[in-house]
Structures are given as C-alpha cells and as structure tokens.
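The residues making up each chain are set out below.
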Amino acid sequence: MHSTERRDGSGPLPAGLDQAIRETAEEIATLLRGAPDATLALPGSEWTLGEAAAHLALANQLMADLASGRERPYGDGTPQSLAEANAQSLAGFGERRAEPLAAMIRDQAEAFLEAMTRSATDSPAPFTPLGPMYLSDLASYLLTHMLGHGYDLARALKRPHMVDGARTSLCMPFMYRVMARCTDTAATAGLTARYRIRLRGGEAFGVSLTDGDMRVTPEPPDRADCTILIEPTAFLLIALGRRNPWRAMAQGQILAWGPKPWLAPRFPTLFTAP
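> An account of the overall build of the protein chain is requested, with residue identities and associated values reported.
Scanning the protein chain from N- to C-terminus turns up nine helices and six strands. A compact globule built from 274 residues would reach a C-alpha radius of gyration of about 19 Å, and the protein chain, at 18 Å, matches this within 12%. Along the longest, intermediate and shortest principal axes, the C-alpha atoms of the protein chain span 55 × 40 × 35 Å. Looking at the protein chain residue by residue over its 274 residues, the buried ones come to 50%. Long-range contacts, defined as pairs at least 24 residues apart, comprise 74% of the intrachain contacts of the protein chain with a sequence gap of at least 6. With an accessible surface of roughly 12600 Å², the protein chain has 51% of that area assigned to carbon and sulfur atoms. Looking at charge distribution, the protein chain has the averaged site of its 27 positive side-chain charges lying 5 Å from that of its 30 negative ones.

Spelled out as structure tokens, the structure:
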C-alpha cells in the first residue's frame, strides 16, 4: 500500500506553471528547428532525435486531450506498459521531420493550456498514464515530461538544457503524486525509515516507509532518520533517470545527515523511473 498526501493550490494552476509550459515547449521547438539531422542518436536512448520529437508531439496531444476531458487509455502505469504504449503510438505516426514536430509540440502545449483555462476549478482529470490526478498535477506532469525529453534533445545537439530550479519546483506537484507509485518494491521490502528531502533554496517534503509501505507527504517529518539536501536540477534529473546519483554525490550536489545518514545512498534505489 502506497499513499501520497495532496498539496492543494488556490487555483487550477500554480503561479508560473502555464508560462513554464509555454516557454519549455518553445525552447524544445527552437532546438528542433536548429537540428541538422533528425536521425541523430540520443545519448543513452534507443530513439533518434526524430523519434523523441515525435513522442513529445504525441504526448503533448495526449495531455491536451486529457485536459479537455477526453478518455485516452495509455498503458497501466508500469514502465513496461508505458514503453509498449510509446512504441505503438510511434508505429502509427510516421512524421519524423523536425519542423512539423516542433510546431506540433508547441501547438499541443498551447491546446493544453487553452483547455485548462476553460476549467474554473482544479478538478480530477481523466485517468492518466500514471493514474488518477488533478488537472494541476497533470499540468505539472506535462512540464516534467517535456523537461526530461527536452534534456535528451539538448544533450544530443550539444546545446544548453532547460532544466532549472524554478521549473523543478513546478514539477513537484507531479512528483508528490507519483513517487509512491514508482517505488521499486524489491528495494523497499522490509524497510522502515523516515526521510526529509530538501531542495537547496526551495521546498522540503517527507518520504516515510513502514515495513516497505511508502508514504509521501508535502511536509517533512518532525524527526527524520536521514535528511537529504540536494540541488533541484540534480533531484529532477535523477528522478527522471537522466543523472547518476553517485556522480551527483561526488560533485557535492547531495549532502546528507541525521541519526542514520547511511540511508541516503539507498534513497535513489527505492524508485523506478516510469
């Protein structure tokens, strides 16, 4: 049994999230328009640049449809099912040219935001690829997904990526929603521990395990076994499977203390990136 407490906001979107979605989509589009070759391989991926861009375009369309209230089944939330759904969607969509995909990524992000403006309250979205969530969480999901793949595109093209502290903070509603869902049950089995996770210069939250059952809370526990202080961009990239946590530790981007500081190296192993 895993659970996540919700941190409710005052409106459909946290302040700045709509702008971050729009700017991230435009920055990705700019990267693609400057790409010399859509068949360029992405580092650490089986996809080419064109395939990753096609996936982003299709995913943004999926998110826009969900924000509009349309049902769009897409896997069951497990990494294997999501990989299969990705493969099926790409197989049925032949566009791989950078310019049309850049426009679609930008246009579908805008369609998502337009759908959000039609919702006066933060209501539940249709069932998403990672389970039930509110519309504001879905918006945070969209931003997180674009940042992960935008980082891949930037690396492939040897251009600066768009992941930063401010955008990481806007990804946190989604992270709170899905962290418990993305646990590695083999790694958490039998573990009882209380973590306080603090993003340097930003917010803190709690992750507690009782005999392997995880609970994620938007407020840290009063007494933690282990406190982890981490650079925001390192946190997001590690969570998305784009950064090696041991390298981040070696570079001083992660610090840990408390009664049981040895729990810190175990923390990133508790999750499986979707």
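> Give a detailed account of the nonpolar core, specifying residues and quantitative values.
In terms of nonpolar packing, the biggest core is built from 91 residues, with Ile21, Phe112, Leu138, Tyr195 and Val207 touching the most fellow members. Ignoring any residue separated from it by four or fewer positions in sequence, one finds Ile21 in contact with Ala109, Phe112, Leu113, Ala139, Leu142, Leu143 and Met146.

> Got a sec to walk through the confidence of the model for the protein chain? Specific residues and values, please.
It should be kept in mind that the predicted coordinates are not to be read in detail where pLDDT is low. Per-residue pLDDT for the protein chain averages 91, and the proportion of residues at 70 or more is 95%. Mean pLDDT values over the elements of the protein chain span from 52, in strand β1 (residues 3-4), up to 98, in strand β5 (residues 226-230). Taken as a whole, residues 6-10 scores under 50 in pLDDT and shows 10 contacts with residues more than four places along the chain or in a different chain.

> Could you give an account of the pairing of strand β3 (residues 204-210), with specific residues and numbers?
In terms of burial, β3 is a largely internal element, five of the seven residues being buried. In this structure, strand β2 (residues 193-199) lies alongside β3, joined through six bridges in antiparallel fashion. By the bridge assignment, Arg194 is partnered in β3 with Ser208. As judged from the five bridges shared by β3 and strand β4 (residues 213-217), these two strands associate in the antiparallel manner.

> Provide a residue-level description of the pattern of salt bridges, including the pertinent values.
Inspection of every chain in the model, using the stated rule, returns 13 salt bridges. Arg22 serves as the salt-bridge partner of Glu110, at 2.9 Å between the closest nitrogen and oxygen. Here Glu110 is found in helix α4 (residues 98-117), whereas its partner Arg22 is found in helix α1 (residues 17-33), with 88 residues between them in sequence. With its nearest N and O atoms 4.0 Å apart, the salt bridge here joins Arg167 to Glu23. With Arg167 in helix α6 (residues 165-178) and Glu23 in helix α1, this pair connects stretches of sequence that are 144 residues apart.

> Kindly report on the packing of helix α2 (residues 49-67) against helix α5 (residues 135-156), identifying the contributing residues and their values.
Relative to each other, α2 and α5 sit at 175°, their axes nearing to 11 Å. The orientation of α2 relative to α5 falls into the category roughly antiparallel. Side by side, α2 and α5 meet where Leu49, Ala52, His55, Leu56, Ala59, Asn60, Met63, Leu66 and Ala67 of the first sit next to Leu135, Leu138, Tyr141, Leu142, His145, Met146, His149 and Leu153 of the second. For the contact of α2 with α5, the per-class residue count stands at 13 nonpolar, four polar and no charged.

> Residues and numbers for the environment of Glu219, please.
Structurally, Glu219 is set in the loop between β4 and β5. Given a relative accessible area of 52%, Glu219 falls into the exposed group. Residues Glu219 and Ala204, spaced 15 residues apart in sequence, show a C-alpha to C-alpha distance of 6.5 Å.

> Before we move on, could you go through the side chain of Gln108 and cite the residues and values that matter?
Relative to the elements of secondary structure, Gln108 occurs in helix α4. If near-sequence neighbours (up to four positions away) are discounted, Gln108 is found in contact with Ala57, Asn60, Gln61 and Ala64.

> Give a description of the packing of aromatic side chains that names residues and reports values.
Going through the model one piece at a time under the given rule, you end up with five aromatic pairs. Aromatic side chains Tyr141 and Phe174 sit 4.4 Å apart centroid to centroid with 5° between the ring planes, which places their arrangement in the stacked category. Of this pair, Tyr141 sits in helix α5 while Phe174 sits in helix α6, placing them 33 residues apart in sequence. Residue classification places Tyr141 among the buried positions, given a relative accessible area of 8%. Relative to Phe271, the ring of Phe267 has its centre 5.2 Å away and its plane inclined at 65°; by these criteria the two rings are edge-to-face. Accessibility expressed as a relative area gives 8% for Phe267, which makes it buried. Aromatic ring contacts, followed pair by pair, group Tyr176, Phe205 and Phe235 into a single cluster.

Cut-offs and rules
Residues numbered from 1 in each chain as written. Predicted model: local features only at pLDDT ≥ 70, side-chain atom pairs only at ≥ 80, totals over all residues. Heavy atoms only, no water. Helix = DSSP H or I, 4+ residues; strand = E, 2+ residues; numbered from the N terminus. Rg over C-alpha atoms; globule rule 2.2 N^0.38 Å. Buried < 20%, exposed > 50% of the residue type's maximum accessible area, 1.4 Å probe, protein only. Contact = heavy atoms within 4.5 Å. Areas by Shrake-Rupley, 256 points an atom, 1.4 Å probe, with all protein chains shown as cover. Lys, Arg positive; Asp, Glu negative; His and termini not counted. Charge placed at Lys NZ, Arg CZ, Asp CG, Glu CD. Core = buried A, V, L, I, M, F, W, Y, C linked by side-chain atoms within 4.5 Å. pLDDT = per-residue confidence, 0-100. Pairing = 2+ DSSP bridges. Salt bridge = Lys/Arg side-chain N within 4 Å of Asp/Glu carboxyl O. Axes fitted to C-alpha atoms, helices over the stretch in contact; angles between N-to-C directions. Parallel < 35°, antiparallel > 145°, perpendicular 65-115°, else oblique. Nonpolar A, V, L, I, M, F, W, Y, C, P; charged D, E, K, R; others polar. Phe/Tyr/Trp six-rings, centres within 6.5 Å; stacked < 30°, edge-to-face > 60°.

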